[in-house]
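An overview of the molecular structure
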There are 4 protein chains.
Amino acid sequence: MAKPLRIGMIGYGFMGRAHSNGYKRVSDFFDLEYTPVLQAVAARDPAKAKEFADRWGYGRVESDWQKLVAAPDIDAIDICTPNNLHAEIAIEAAKHGKAILCEKPLSMDTSEGERMVAAIEKAGVPNMVWYNYRRIPAVTFAKQIIDSGQMGRIFHYRANFLQDWTISADLPQGGAGLWRLDAKAAGSGVTGDLLAHCIDTAIWLNGSVTDVTAMTETFVKERQHQLTGQREPVTIDDACSFLCHFQNGSLGLFESTRYARGHKALYTFEINGENMSLKWDLHDLHRLQVFDYKDAGNMRGWKSIHVTDGDHPYMDKWWVPGLAIGYEHSFVHQVADFLEAYAKKQPAHPTFRDALETQRVCDAVLLSGKSHQWVNV
Amino acid sequence: MAKPLRIGMIGYGFMGRAHSNGYKRVSDFFDLEYTPVLQAVAARDPAKAKEFADRWGYGRVESDWQKLVAAPDIDAIDICTPNNLHAEIAIEAAKHGKAILCEKPLSMDTSEGERMVAAIEKAGVPNMVWYNYRRIPAVTFAKQIIDSGQMGRIFHYRANFLQDWTISADLPQGGAGLWRLDAKAAGSGVTGDLLAHCIDTAIWLNGSVTDVTAMTETFVKERQHQLTGQREPVTIDDACSFLCHFQNGSLGLFESTRYARGHKALYTFEINGENMSLKWDLHDLHRLQVFDYKDAGNMRGWKSIHVTDGDHPYMDKWWVPGLAIGYEHSFVHQVADFLEAYAKKQPAHPTFRDALETQRVCDAVLLSGKSHQWVNV
Amino acid sequence: MAKPLRIGMIGYGFMGRAHSNGYKRVSDFFDLEYTPVLQAVAARDPAKAKEFADRWGYGRVESDWQKLVAAPDIDAIDICTPNNLHAEIAIEAAKHGKAILCEKPLSMDTSEGERMVAAIEKAGVPNMVWYNYRRIPAVTFAKQIIDSGQMGRIFHYRANFLQDWTISADLPQGGAGLWRLDAKAAGSGVTGDLLAHCIDTAIWLNGSVTDVTAMTETFVKERQHQLTGQREPVTIDDACSFLCHFQNGSLGLFESTRYARGHKALYTFEINGENMSLKWDLHDLHRLQVFDYKDAGNMRGWKSIHVTDGDHPYMDKWWVPGLAIGYEHSFVHQVADFLEAYAKKQPAHPTFRDALETQRVCDAVLLSGKSHQWVNV
Amino acid sequence: MAKPLRIGMIGYGFMGRAHSNGYKRVSDFFDLEYTPVLQAVAARDPAKAKEFADRWGYGRVESDWQKLVAAPDIDAIDICTPNNLHAEIAIEAAKHGKAILCEKPLSMDTSEGERMVAAIEKAGVPNMVWYNYRRIPAVTFAKQIIDSGQMGRIFHYRANFLQDWTISADLPQGGAGLWRLDAKAAGSGVTGDLLAHCIDTAIWLNGSVTDVTAMTETFVKERQHQLTGQREPVTIDDACSFLCHFQNGSLGLFESTRYARGHKALYTFEINGENMSLKWDLHDLHRLQVFDYKDAGNMRGWKSIHVTDGDHPYMDKWWVPGLAIGYEHSFVHQVADFLEAYAKKQPAHPTFRDALETQRVCDAVLLSGKSHQWVNV
């Protein structure tokens, strides 16, 4: 009989749903020492929190997050709030000795992230940040291939995350569903929202970034603010791209925007090694493209691997070869990996400390976008 | 508060898992009058049934299906056994007035299917057959486009279902996990297993089939039988293809095999109309390919629609545009549609009667494969 | 200094252009003992023949083909007329000892084809039929792979040739540019025009066809005839599909139509062997898709080979890796291969006899389409 | 009867072949006032020049280019030498009043390019630089769509040119076939060779670039020099990427390398506008990908247009819909457009002046790569 890990959820938005689904499903497919229990939820709007709790089966609603992080029947706090609340909640939860699962990006900026890391490391609590794309089977498979060393020297890493949902100048900013356009709630625009995913994956697959030169842009300069009803300057970055060096000597190129018409959520990466190259694309997340120079000369080409076999990462838990899983399964996998690490009292990656490195790159990128200089990370 | 629909599950294999997952997840995403309750499971092997019940949260295990179909605390029976048990169970469950959800294909053959339809229609019980591919959003979207009438006269419909998992002559037949290779348990080979899916979708999208000419083949003539340990003749069809006419005057071409190296579960269809053509492929199930002749001449081409927007079928229930769902969601959708029809006391398609039409085509195909003649359906 | 092969061209249509281009370009890229010389052209319409000769640089225009095949300064006759003239011209040219290059399909039917083969074999003249798709580098590369034996036992071969240019019922039949819709000039519809290509490639790659069951359809029953101005019955097949067995035990499935909206000239084939599968598509003719079961289990997938390297067939003659050639180059290659065989006094494939086998399959298919019976080839 | 344009070719390498092929084929497909005549060729190695002249049918070989540019029977000089000879030849040819067609990039650097432009503009001679990719039909079609204004405000332009042929450290530099690795002959590495193509297309499609920040790298620091036999430092850029602003307010991102394993000659671009996006890829050069926001919401997607119809640019000259042309045809088109402009005494784009703008961007990129600063163009 699995032991319970009692979850206290803060927030009920898109990520609240995605995480809750992960908690509820994991034990149907994975055999683990711990099983998550949806103990309680806290959020600003009590009616919505109640509705959310009813739908997902949370045991109760707490009137504020301070009560939740202090509640003795909670083992782990899941932070799904806008970014500007991550630090306060995480530091308080750490004081109460709770395990902490924090939505990405870790923090509003590096210094805030450093305080968070200091707090959770001092408290010694289990911690993880929800960079869920690491757990898409094709991405994990890419990691396995890279770790095997067969790619040889790496020359290039490129990634982008392209969306198109903010092109209309009539879209307001701020408030429910739109806090990602408000720098006060989000810290930054596409850099923290989208590039942070690309950077987390890149560091995981290709190691540390040493320096960057970036270009940022805000295409729509003013938008009505949902909370004030006033037209206010937009202070987030609508688009951000940067060039960089990795510690392993390879070159990086990253781009993100919410103004690339035709792309809903196109996150792609490609890595070019001496002997092999890999490509992946979130829009077809169940495939990994592989080029292998070891193939006979006339037989070389890009191979599209349908990552749905039992010998692919995580896929022995699901259906049969050829039958794809989707986006949400990355959260199930992350829950499974967290629970396994939790049972073994080992770190679950990406930890807060791992995520802080991504934050440092984000800050360097944003600074370079302003200073028009190369910036060391 | 949703009303319970108490499920009695028979079987615990691949489909038992897929259906159970559908029942457990539906209420997290759909707002319905009824919610499924995993009441009890019955299966031949009690230890495995117990393990299955524990994993999925079924309330109890019944020692045999006869008890389950008679149990007063069961509202609906889900038949996930090998095909040779469908009829007996369904007829008995109908006698007890249970709603019945039967795994496809409906029956071992048409005459058995007719007895099933007679029994459930006499009993007047809600009924449905699990041709789940209708509920892949891209497939449902194709249905909407076709029903809009904008395609004009239809000329061609082609579909295939290609797999490669039985190529090795060392693979045994019969018994757990391999009953699909045993005609006594399965009725037929690829015809009932794979082509039945293609035919169900085809009838749904393009109407009735009138006559067929078919070719069947058994490539590996003998395999060891798992239950007897003896080498025995293989009597299923390893491959089956057929040509046909549809009632609407269009031409059909179907193929299925388990000997197409490189295809795990490649189910594709394409329909060509006067003004428009559509294509779909299970390996990239979240996309629908559309060609629209109404586009300006120099702008015509095949468009790949990423069927993940809120205005696509079922997709408002899930995540955000660009984030794909997978194979298993088709079962969640089918549960949702069944529950909605159940609440409204309307038929949930495909009904047993709908599935009987597919059975008739399958039988015509198998007969033509033997007689080497065109056969009317 | 290369020796001249003096060409006498009959016809000036689409194929007249494609062949002329082949003759004119071959010596710029291939080092051969012979070089084609565009000596003379004959065609029904003298003004058009003159214009054609001027454009392509033919030395003179002959008033009729009888003079051309008898002319002493002509080494080889190229027959680019509608199908109903192939036999008469070829037999007459053979009498005059000319080498003969005949556009496909060989003949109006098998018996006519037999007379042609008898005539040219009796005369002992070099001969070839323009099934040009054999010489697309990716197709030739497929042949090399198959001939290496590494595919193991073959289970399936499928091909189709889909077009959409005759959907409009207002399109007339017969006469210049439209003789392909007139059975009296073409012999058949898509069977001789499109399926013949599929069959030629199939026999080349996978061996002989033994028996077939076919379905043919004429969707538009009457069209205005360009020559008479009258509405006349359409007697060609608009669509034709068939199932067949190959001598090697594999199963075949073929389809062709001019009513598949969205497909301009989509010729595809796929072959599934025990160890390997191959796919090709004329719309992306520079690629070959390969699946190799010998790859490590988790690394298997369909590989898209960009057939543009120096170690791919014919490609050392052209540009550099990555730079594609197109449709017309297949004719250049066929000219090159013909000239090489001519110099060595060896057969250039497909010979008339090779093409007769394709004709036999076409006739069996058309007969089966009418008789609704399986027909032996 | 077309008037002759007598060509004097300098060089006999890859580009010498591609241009010669363009000259020889153009009049078979295009109806023009002028037709090119292959009058003479000059090159350093007389034996190779002779062989080249014989193959392509040049009337004679000149012993040096100085004689060729002064020859009275030459109308136009085509410069296909390594980059370090472009300026000297062009300036001298201009003095002799010849039309000049110069291989790209225009010059070794901007100041040299300025002298060239001054010379040819002073002489008033027709001039053009061989940025051939403008004349791929799909690329020209993109230009037509952009010029129609239907894309709305442009937000992003991204392009890359990826190759992998110099990864081996054993590949020597300098000399025949390898001068592109020698900065003394080439001026730069991938910037002038590959990025110059991307920049030319970008300026053509999206207007001027205002400022750049770049990153350059030389992965293999020393290679044996073919001419000296010594290991010498490599001074070209092996890889170069840059970010930029366009005058129209859109953001640019460019990358080029010869170390991207798996890419033979992958030149891609994408442009994102308010209402529409376009993508193209040299590896499938006959297709243009289009996303149109004006499509109904649920019908939006990327459309793959097979640019082979008669209403696509240049395609009425070739075959029938669905039949692709290849790389070399871009040169035929460029010859055709040059001849048409020549007849009308109009500029043929890109002119030397157009190409100088590309050179300025290249120089800014190389400077930024060294200075690690943003550089204004």
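Residues numbered from 1 in each chain as written. Chains lettered and ligands numbered in written order. Predicted model: local features only at pLDDT ≥ 70, side-chain atom pairs only at ≥ 80, totals over all residues. Heavy atoms only, no water.

1. Describing the relation of the copies chain D and chain A
Mapping one chain copy onto the other needs a rotation about an axis and a shift along that axis. Once turned by 180 degrees and shifted 0.0 Å along the axis, chain D lies on chain A with an RMSD of 0.0 Å. Taken together, these values place the two copies in the relation of a two-fold axis. Minimal C-alpha distance to the rotation axis in chain D is attained by Gln 373 of chain D, lying at 3.2 Å. Taken as a fraction of all interface residues of chain D, those also at the interface in chain A reach 100%, which identifies the copy contact as same-surface. (Least-squares fit on C-alpha atoms with pLDDT ≥ 70 in both. Contact = heavy atoms within 4.5 Å.)

2. As for the packing of helix 1 (residues 14-29) of chain A against helix 1 (residues 14-29) of chain B
For the pair helix 1 of chain A and helix 1 of chain B, the least separation of the axes is 12 Å and the interaxial angle reads 155 degrees. In this view, helix 1 of chain A runs roughly antiparallel relative to helix 1 of chain B, as classed from their interaxial angle. Here the hand of the crossing between helix 1 of chain A and helix 1 of chain B comes out right-handed. Note on element contacts: helix 1 of chain B touches helix 1 of chain A through Arg 17, Asn 21, Lys 24, Arg 25, Asp 28 and Phe 29 of chain B, opposite Arg 17, Asn 21, Lys 24, Arg 25, Asp 28 and Phe 29 of chain A. Taken together, the residues of the contact of helix 1 of chain A with helix 1 of chain B sort by class into two nonpolar, two polar and eight charged. (Axes fitted to C-alpha atoms, helices over the stretch in contact; angles between N-to-C directions. Helix = DSSP H or I, 4+ residues; strand = E, 2+ residues; numbered from the N terminus. Parallel < 35°, antiparallel > 145°, perpendicular 65-115°, else oblique. Left-handed = near helix turned anticlockwise from the far one by under 90°. Nonpolar A, V, L, I, M, F, W, Y, C, P; charged D, E, K, R; others polar.)

3. Looking at the sheet that holds strand 2 (residues 34-42) of chain A
All names here are of chain A. The strand order 3-2-1-4-5-6 describes an open sheet built from six strands, whose pairing is parallel. Each edge of the sheet is formed by a strand with only one pairing partner; in this case those strands are strand 3 (60-62) and strand 6 (127-129). Along the sheet, successive strands turn relative to each other by an average axial angle of 25 degrees, direction set aside. Direction of pairing for strand 2 relative to strand 3: parallel, over a ladder of three bridges. Residue pairing for strand 3: Val 41 is matched across the bridge by Val 61. Taken strand by strand, helix 9 (residues 329-344) contacts strand 1 (3-10), strand 2, strand 5 (99-102) and strand 6, and its axis lies near 110 degrees from that of strand 2. (Pairing = 2+ DSSP bridges.)

4. Concerning the interface of chain D and chain B
Facing the 17 residues of chain D at the interface are 17 residues of chain B. Contact with chain B buries area across many residues of chain D, yet Asn 298, Met 299 and Lys 303 of chain D alone supply 47% of it, more than any other trio. On the surface where chain D and chain B come into contact, there are two salt bridges. The residue Lys 303 of chain D makes a salt bridge to Asp 295 of chain B at a minimum N-O spacing of 2.9 Å. Linking chain D with chain B are 10 residue pairs in polar contact (both at pLDDT 80 or more). The set of elements that each furnish at least two residues to the side of chain D that touches chain B consists of helix 6 (137-147) and strand 16 (302-306) of chain D. By residue number, the principal contributor to the side of chain D that touches chain B is strand 16 of chain D, which donates four residues. Of the residues assigned to the side of chain D that touches chain B, the class counts are seven nonpolar, five polar and five charged. (Buried area = accessible area lost by both parts, 1.4 Å probe. Salt bridge = Lys/Arg side-chain N within 4 Å of Asp/Glu carboxyl O. Polar contact = N/O pair within 3.5 Å; in protein donor to acceptor, adjacent residues only side chain to side chain.)

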